[in-house]
Amino acid sequence: MATTLGQDTTQDIPGLTTTRAPFIEAAREHGQLYIEQPYELYNAENHEAWRQLFARMGDRWQRYANPRFLQGVETLCLDPGAVPRLEDVNKFMAPRTGFKAKAVSGYVPAYLFFDSLRKREFPTTITIRDAGRLDYLPEPDIFHDIAGHVPMHTDPAFADALVRFGEAAQTAVHIVKRIKNPDEQVRRTTSIMKAMARFFWFTVEFGLMRAPDGKGVKAYGSGLLSSYGELQHSIESPLVQRYPIQLEWVINQYFEIDHYQPLLFIVESFEHLFEQVGILEDWMKQGKLDNVSPGEPSLSEVDVRSFIEASA
Ligand SMILES: [Fe+2]
């Protein structure tokens, strides 16, 4: 906490709290998606939120996280007491896999997001949730992105799977480009994107992996690794169904984001995950993603348009 002559100077700083950050509102108003992380704008409450979130995850990560994630947390040398600076995170991450966290002001349209992964850039939210509501997460924040996602990006095999996913988005654009009828173009784009979003959800966001000793499972999905309650629930609760990943099931399975996940899929390794992304892309080329089952996620027009515009 910064002090001058014994006085707390951080109390006047507006802060970078999720949904209450004037800096972010201004950036959005000016149409700036990629921004700098204005580190001096984090106030004492923001750092306190990070400190509490980080402190309570420690034991749960040790028990339930994939070992590569635990190595990643160590590699990044995250400060348990303060919101991280993206430039510090990148100093430790880039030499390992080439991945870099890149600050954004808000939602990144689907194609841009996937294409960033292809370029080994990770769009990163810089706001942090309210310190008084640590469990309530209306949208991604820097704890989800940096403490949940980024430790996995230090692992070369996982990083390669993400890049492969970004390349599959490029393949989707080439397919979309060849469809001449505009209605059919929107319909097929929507179906392909739904399949991709479901795959991403059940792997990168909520994936489980067979434990290295073959006994039980560990989490590698960022949505689990950044949630104190759901991480334990995902591994221990008898209410969760856990199955070896089956692609035809994953791409047709709806999901809802406002409660703990009742159904999760297990991969054997990151090499296995990489292979699954390859099959997803092959199926895309064969037209097998053109008619996936309706239901969540519902895709915004912005997301669908982002693919169609990239193909123009
Ligand atoms: Fe995420």
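Structure first, text after, so check above.
Residues numbered from 1 in each chain as written. Predicted model: local features only at pLDDT ≥ 70, side-chain atom pairs only at ≥ 80, totals over all residues. Heavy atoms only, no water.

J.: What is the right way to look at the coordination of the iron ion in this model?
T.: When a metal holds four donors in a tetrahedron, each ideal angle between them is 109.5 degrees; when it holds six in an octahedron, the ideal angles are 90 or 180 degrees. Every protein donor of the iron ion is accounted for by His144 (NE2), His149 (NE2), Glu205 (OE) and Glu205 (OE), and the metal-donor separations fall at 2.1 to 2.5 Å. For the iron ion, the 4 donor atoms are set out with angles of 56 to 149 degrees between them, so the coordination reads as irregular. We note that the donor set of the iron ion lies within a single chain, spaced as H-x4-H-x55-E. Within this pair, whereas His144 is found in helix α6 (residues 142–149), its partner Glu205 is found in helix α8 (residues 182–205), the two being separated by 61 residues in sequence. Summarising the burial analysis for this pair, His144 and Glu205 share the class buried. (Donors = N, O, S within 2.8 Å, 3.2 Å for Na, K, Ca; no water. Tetrahedral: all angles 85-135°; square planar, octahedral: opposite > 155°, others 65-115°. Helix = DSSP H or I, 4+ residues; strand = E, 2+ residues; numbered from the N terminus. Buried < 20%, exposed > 50% of the residue type's maximum accessible area, 1.4 Å probe, protein only.)

J.: Would you take a moment to explain the sheet that holds strand β8 (residues 263–267) for this structure?
T.: Strand pairing in a sheet takes place through backbone hydrogen bonds and is either antiparallel or parallel in direction. Read from one edge to the other, the open sheet built from 4 strands follows the order β6-β5-β8-β7, with strand pairing classed as mixed. A strand with exactly one partner marks an edge of an open sheet, and here the two such strands are β6 (217–219) and β7 (241–244). Neighbouring strand axes in the sheet, compared pairwise and without regard to direction, differ in orientation by 35 degrees on average. Bridge analysis of strand β5 (residues 208–210) against β6 gives 3 bridges, and the strand direction is antiparallel. What sits directly across from Met209, in β6, is Lys218. (Pairing = 2+ DSSP bridges. Axes fitted to C-alpha atoms, helices over the stretch in contact; angles between N-to-C directions.)

J.: I keep staring at the packing of helix α7 (residues 156–177) against α8 and nothing clicks. Help me out?
T.: A pair of packed helices is captured by two measures, namely the crossing angle of their axes and the spacing between those axes. Two numbers describe how α7 lies on α8: the axes approach to 10 Å, and their chain directions differ by 175 degrees. Taken together, the axes of α7 and α8 are roughly antiparallel relative to one another. Of the residues in α8, those touching α7 at Phe158, Leu162, Phe165, Ala168, Ala169, Ala172, Ile175 and Val176 are Gln185, Arg188, Thr189, Ile192, Met196, Phe199, Phe200 and Val204. A class-by-class count of the residues in the contact of α7 with α8 yields 13 nonpolar, 2 polar and 1 charged. (Parallel < 35°, antiparallel > 145°, perpendicular 65-115°, else oblique. Contact = heavy atoms within 4.5 Å. Nonpolar A, V, L, I, M, F, W, Y, C, P; charged D, E, K, R; others polar.)

J.: Explain the nonpolar core here, please?
T.: For soluble globular proteins, nonpolar side chains are generally found buried alongside one another. Ranked by internal contacts, the top residues of the largest apolar core, which has 100 residues, are Trp50, Trp61, Phe114, Ile146, Met196, Phe199 and Phe307. Sort the elements by how many residues they give to this core and α7 lands first, with 13 residues. If near-sequence neighbours (up to four positions away) are discounted, Phe199 is found in contact with Phe165, Ile245, Leu247, Val250, Leu273, Gln276, Val277 and Leu280. (Core = buried A, V, L, I, M, F, W, Y, C linked by side-chain atoms within 4.5 Å.)

In short, geometric facts, not functional conclusions.
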